[in-house]
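Overview (structure and organization)
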Amino acid sequence: MSDLIKGIHKVEVALKWDPSPAGQPPTDLDLVSATYLRDAPYGDPAYVVHFDSRSPDGTIHLNRDSKDGKGLGWDEVMIFELDRLDARYARVVVGVILQQRPAGRTFVTVANPGLRIREGHTDLAVDDFGTVLGATAVTVAEFIRDEAGNWDFQPGLHAFEDDPAAFIPSMGAIGRP
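Presented here is an overview of the structure given in this document. (Residues numbered from 1 in each chain as written. Predicted model: local features only at pLDDT ≥ 70, side-chain atom pairs only at ≥ 80, totals over all residues. Heavy atoms only, no water.)

**Points about the pairing of strand S2 (residues 29-37)**
Taken across its nine residues, S2 has eight buried, putting it largely inside the fold. In the sheet, S2 pairs with strand S6 (residues 89-98) via nine bridges, with the strands oriented antiparallel. Paired with Leu37 across the strands is Tyr89, a residue of S6. Relative to strand S3 (residues 47-49), S2 runs antiparallel, the two being bridged by three bridges. Opposite Thr35, over in S3, you have Tyr47 as the bridge partner. (Buried < 20%, exposed > 50% of the residue type's maximum accessible area, 1.4 Å probe, protein only. Helix = DSSP H or I, 4+ residues; strand = E, 2+ residues; numbered from the N terminus. Pairing = 2+ DSSP bridges.)

Below is the structure:
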């Protein structure tokens, strides 16, 4: 029976938002992910993927990056090839950071934001960030590998309301049992 349980293999996390009104600074949301080792699933990340970077083995990469929300369709897209991720990794946390130009911005200032997490043509989660309007950053997904090597998706937005620079080091604590 375990041969029928396939788990999650390749996932796309996508963001979209409308550009800022004329005369306003651009709105810039960034996808980030942190990968954790099996022996330290809530410790420091083994590596982080964000704009201008990718995982060492190429299994996690940013496919599209926008600095202003002027893309057609989805403005930022990150791909996760979980089925190719080395067995020493047991957890991947995905987040969104709102760049702070000008300082003090939160999700309430983002026009029409959207999030879609999908595998193939199946939407695993869709959100509009309406529950985290006061956040400067937010985790949007967690992927956890079980003992058999299958990946499980844990949805849910977890708000972060402090300096976004401190977000990445704190991502690992999200979901701690």
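**As for the environment of His158**
Here His158 is to be found in strand S10 (residues 151-160). Considering only alpha carbons, one finds His158 and Asp83, 75 residues apart in sequence, at a separation of 25 Å. With near-sequence residues (within four places) excluded, His158 lies in contact with Ala137, Val138, Thr139 and Ile174. (Contact = heavy atoms within 4.5 Å.)

**Notes on the pairing of S6**
With 10 of 10 residues buried, S6 lies mostly within the body of the structure. Here seven bridges tie S6 to strand S9 (residues 137-145), and the two strands are oriented antiparallel to one another. Its bridge partner lying in S9, Val93 is registered against Glu142.

**Section: the packing of aromatic side chains**
Scanning all chains against the criterion turns up five aromatic pairs. Ring centres of Phe107 and Phe129 lie 4.9 Å apart, and the angle between their planes is 15°; on these two criteria the pair is classed as stacked. On the criterion of sequence distance, the pair formed by Phe107 in the loop between S6 and strand S7 (114-119) and Phe129 in the loop between strand S8 (122-127) and S9 is long-range, its members being 22 residues apart. A network of ring pairs unites the aromatic residues Phe80, Phe143 and Phe153 as a single cluster. Between Lys16 and the ring centre of Trp74, over which it is positioned, the NZ or CZ distance is 4.7 Å. (Phe/Tyr/Trp six-rings, centres within 6.5 Å; stacked < 30°, edge-to-face > 60°. Lys NZ or Arg CZ within 6 Å of the ring centre and 35° of its normal.)

**Topic: the pattern of salt bridges**
Scanning all chains against the criterion turns up four salt bridges. For Glu12, the salt bridge identified is with Arg116, shortest N-O distance 2.6 Å. One end of the pair, Glu12, is in strand S1 (residues 10-16); the other, Arg116, is in strand S7, with 104 residues separating them in the sequence. With relative accessibility at 21%, the residue Glu12 sits in the partly exposed group. (Salt bridge = Lys/Arg side-chain N within 4 Å of Asp/Glu carboxyl O.)

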